[in-house]
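A look at the structure
Chain by chain, the residues run as shown.
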Amino acid sequence: MEHGEGSRQSGDNTPRESSPFINNTDHDRGNYYDGKNMALFEEEIESNPMVSSLLNKLANYTNLTQGVTEHEEYENEDGSQSKGSQMGTFIGVYLPCMQNILGVILFLRLTWIVGTAGIMESFAIVVMCCTCTMLTAISMSAIATNGVVPAGGSYYMISRSLGPEFGGAVGLCFYLGTTFAGSMYILGTIEILLTYIVPNTAVFVAEKKEDETEAMLNNMRVYGTCCLALMALVVFVGVKYVNKLALVFLACVVLSIMAIYAGVIKTVIEPPNYPICLLGNRSLQNHNFEKCMKTEVIKNVTYTTELWKLFCDSPHLNATCDEYFTLNNLTEIQGIPGLLSGVIKDNMWGEYGPSGMLVEKKNQSSVPVQDNSRDIYKPYIFNDISTFFTLLVGIYFPSVTGIMAGSNRSGDLRDAQRSIPIGTILAIATTSFIYMTCVVLFGACIEGVVLRDKFGNSVNKNLVIGTLAWPSPWVIVIGSFFSCCGAGLQSLTGAPRLLQAIARDGIVPFLQVFGHGKANGEPTWALLMTVGICEIGILIASLDAVAPILSMFFLMCYLFVNLACAVQTLLRTPNWRPRFKFYHWTLSFLGMSLCLSLMFISSWYYALVAMSIAGCIYKYIEYRGAEKEWGDGIRGLSLNAARYALIRLEEVPTHTKNWRPQLLVLLKLDSDLGVKHPRLLSFTTQLKAGKGLTIVSSVLEGTYMTLGAEAKSAEQSAMHLERTKGFCHVVVSSNLRDGFSHLIQSAGLGGMKHNAVLMAWPGGWKQAEDSYPWKNFIETVRETTSAHQALLVAKNIDKFPCNQDRLGEGTIDVWWIVHDGGLLMLLPFLLRQHKVWRKCKMRIFTVAQMNDNSIQMKKDLQMFLYHLRLNAVVEVVEMHDSDIAAFTYEKTLVMEQRSQMLKQMQLSRTEREREAQLITKLGTKSHANLSDTATATPDHHVHMTWTKDKLIAERNRKRGEPNVVVILEFNLLFFLFCRNQSNVRRMHTAVKLNEVVVNKSQGAQLVLLNMPGPPKNKGGDENYMEFLEVLMDGLDRVLLVRGGGREVITIYS
């Protein structure tokens, strides 16, 4: 019993598993602490039960079957629910497993398998298949005794051990296997009916000899469909009638087995009389003649026999006869020579052959003939299909299935954890003994040509295994007929319930309709689906063709039972405590390997189809299925693998070739805990394409108990909306600055830590009343630099494309000013892997100074990109040294004075505004005069960036020139007025570089720029923001990139 949903307690976002023992009703809760003895634990008792209450609920717990309520309870006249049956090991597990394992293949095909493969190879087939089921039973016993196992059989065990994806895939495969088993049993029933009981009732009768096979298949289809409809009606009316007849069907199986062993014993005393007729060494069908002779003498007159007429064109002695008939003699031998006859030596090895091959006695002499074209029209016995070892494995394996019958009834057992292992293993041991002895006894008692005669045509159309039985062949015929009928009804009863259980689990959305049924729980829709699939098997019409199909599905089911046990054992999960102790992971792996080998031995193409079906269902459940947390082993395996991988990643540093941006995305949430910039998540998806690590994080101010869960839920919904794969990390801190610092330091685990931080540019930092946004931004820049992490800052992030957009022709422009590890060139390549940016071309710009060789720089950069395997257009932009423009001085003055004025808090607002206006006017007027003077004296234009020392040196050198002296004196005064000359230089760089970038890249879809580092002196933080603002002015989409201090791209393979 599983409850999928968990409850949440306030202040705790960890889901709790529901339990019939832990969940309490409100009317019970008040009685827990009426007294004063447990007053100390009042708060805990609200969510956790007292031990006395827990034990009381455990004692009163009733294990109902999963998915359906048996309709016998619904139909009880008194309306009271009947108690579950308390069956023991023998009745509840052993006998149902015996009945399911022994069936149609034993009665209809085992003798043919022994004759075709020989005793040795048949014994090997039986040993392989029985070993497979025994190992599977050991694994199943371990899983079944690891806690309470409700009804549901292998589906329940696999789904709860390996997760909903594997459970759904294998559960549906098991359902298909059970459904095709129903087809096989129905085909077996019809084969017995039409071949051995009432052969004259065939609807289709072949007019020609070569059409007999097709006519038989059509009869199987017609009668099989009618039989299926009848059985479905019985199941629909009420499964209780099937259950009541189960004992009758089991008795048929037991009596048939006893008749076989009794017949073997009787062959020692008196072998049965079943003569077979051989022409040369060829076996003949003897149901059209009585005497195995060409002619007979009656009263000294020679007459031709009925056999003569089959090979000659007239009954006269001078008739023209078949050449082989003329040249070879007829021999009559006993078909059942007996246990002591020594025929075991002839049957030791196999005799495979193609379809249409004659069944011949190995050591019998014969005269061959040249022309065998007319043999098909003669009463010979032929192989109806091509035979080879692997085919026989696939046909035989269904005879060992049915080991899940006990676990399917676990809800009705008195002690399931004891009965399932003992009953199942004893049933497999018993049936394995029966199969192994039957293989040897059939080979020791029956003539080889009779064994290879699949339909008993050489023994008067008797069932071959029936010829060995005592007291009469009809014991086996009738017993096998009812056994096949019962097995077919059991399959049509069990398969719909399995489908209903899967549908009600809700893991496969399109199966929801099959979870409904009649008022008494009968799975009506699932029964219709089962009948439809079963009809497909019946239309195939060949028992030999259907058997390998269901072998695949059962083998896949058994494979995953073994895998589930092995995974749980190797992981040493704390909850893995089976009462059955005789298991080991090596046995489970051996069983798993044997199942996989048998799948490909039986039919490699069927195996691939079955695995493809299971794989498709697995991926569908993973993509569309309901989320279930069943504490499965695959999750534990993932945790172990993750732990191992994290430890390995920590051992050695990441190589440049393996470097990829592992992003910590800093999101900002609004007052309603909604994501303020969802396009940041879109950009993350486009940059990562689902690969590598993504940690989406945010910082909230307050207490964790009140805000944590809601914020994380908001982030997860935004990530789902933007299809961002990654992890959420919400930090609630009393101080936002500390929260961001903690995130950068501690997000991630071991080798899976972020190496890059992505954040949005603080848009309205100038207009903000509080200085926190830009101060936090600069501190984040400093911390990422100290942590050697890359930093990506997106300006106008809300204008970036979403995941549904497809950018047409455009460019991604990279402005490579400073080499910072190669991240600038790697990011466009990663972006262009996503379909949003795929059509954009990459352009790389670099800046050349006065003393640089621009042509050589371009060639070198093109060669560098060629070695990096990057396709990009290269352009070198020349930036000549020039005077610092008046505009630059003005911007610098305004920037400095603004900072200074904001610090002078003692001045009134009016005084601050007046001072700011005065400084602005003075600066504008001075720059205008300076520009006019510089224009009038072009010969004395100075091409350098000014410093105080350079300015004094230049003034001394030009002292004889009055005009220049005036300008220099003014510049010196202005320089002294601008107390921080580095601000002027920085502003000059920003202005000039912005002009070049806007000129070249204003129409680009995205511009990537080197991000300059923050000032070491925190007093210039606001100036730093101004520089960046000027640098990005006039550009639509900008990504500022600052490397983490390591190479991230290499030319080597």
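All figures in this text were calculated on a predicted structure; none of them were measured in a lab. (Residues numbered from 1 in each chain as written. Predicted model: local features only at pLDDT ≥ 70, side-chain atom pairs only at ≥ 80, totals over all residues. Heavy atoms only, no water.)

Taken as a class, soluble globular proteins show a tendency for nonpolar side chains to be buried jointly. With 163 residues, the main nonpolar core has Y396 and F442 as its most contacted residues. For this core, the leading source of residues is helix α8 (residues 153-197), giving 22 residues. With residues up to four places along the chain from it excluded, the contact list for Y396 reads I105, L110, I113, I125, V126, C129, C130 and Y435. L680, V696, L831 and I844 belong to the second-largest nonpolar core, a separate cluster that totals 53 residues. (Core = buried A, V, L, I, M, F, W, Y, C linked by side-chain atoms within 4.5 Å. Buried < 20%, exposed > 50% of the residue type's maximum accessible area, 1.4 Å probe, protein only. Helix = DSSP H or I, 4+ residues; strand = E, 2+ residues; numbered from the N terminus. Contact = heavy atoms within 4.5 Å.)

This paragraph deals with the state of the cysteines. With the rule as written, the count across this model stands at 2 disulfides. A sulfur-sulfur distance of 1.9 Å marks the disulfide that ties C277 to C292. Around the S-S axis, the bridge from C277 to C292 shows a dihedral of about 75° and counts as right-handed. Of this pair, C277 sits in strand β3 (residues 275-279) while C292 sits in the loop between β4 (282-283) and β5 (295-298); the two residues are 15 residues apart in sequence, bridging distant segments of the chain. In terms of burial, C277 and C292 fall into one category: buried. Here C312 is linked by a disulfide to C321, with a sulfur-sulfur distance of 1.7 Å. Residues C312 and C321 are joined by a disulfide whose S-S torsion is about 100°; by sign, that bridge is right-handed. (Disulfide = S-S within 2.5 Å.)

Through backbone hydrogen bonds, the strands of a sheet pair up, either in parallel or in antiparallel fashion. One open sheet accounts for 3 strands, arranged β4-β3-β7; its pairing is antiparallel. Where the open sheet ends on each side, the last strands, each with one partner, are β4 and β7 (330-334). Judged from the 5 bridges that link them, β3 and β7 form a sheet pairing that is antiparallel. Paired with L279 across the strands is L330, a residue of β7. (Pairing = 2+ DSSP bridges.)

By the element assignment, G517 lies in the loop between α18 (473-505) and α19 (524-540). Put simply, G517 and Q500 are 17 residues apart on the chain and 8.7 Å apart in space, counted from C-alpha to C-alpha. Apart from the residues within four sequence positions on either side, G517 is in contact with E522, P523 and T524.

With that out of the way, let us pick up helix α5 (residues 89-101). Each α-helix winds once per 3.6 residues, and so residues spaced three or four apart point in a common direction. For α5, spanning 13 residues, the distance from its first C-alpha to its last is 17 Å, which sits close to the expected 18 Å at 1.5 Å a residue. Burial analysis of α5 places 10 of its 13 residues in the buried class, which makes it a mostly covered element. (Expected span 1.5 Å × (residues − 1).)

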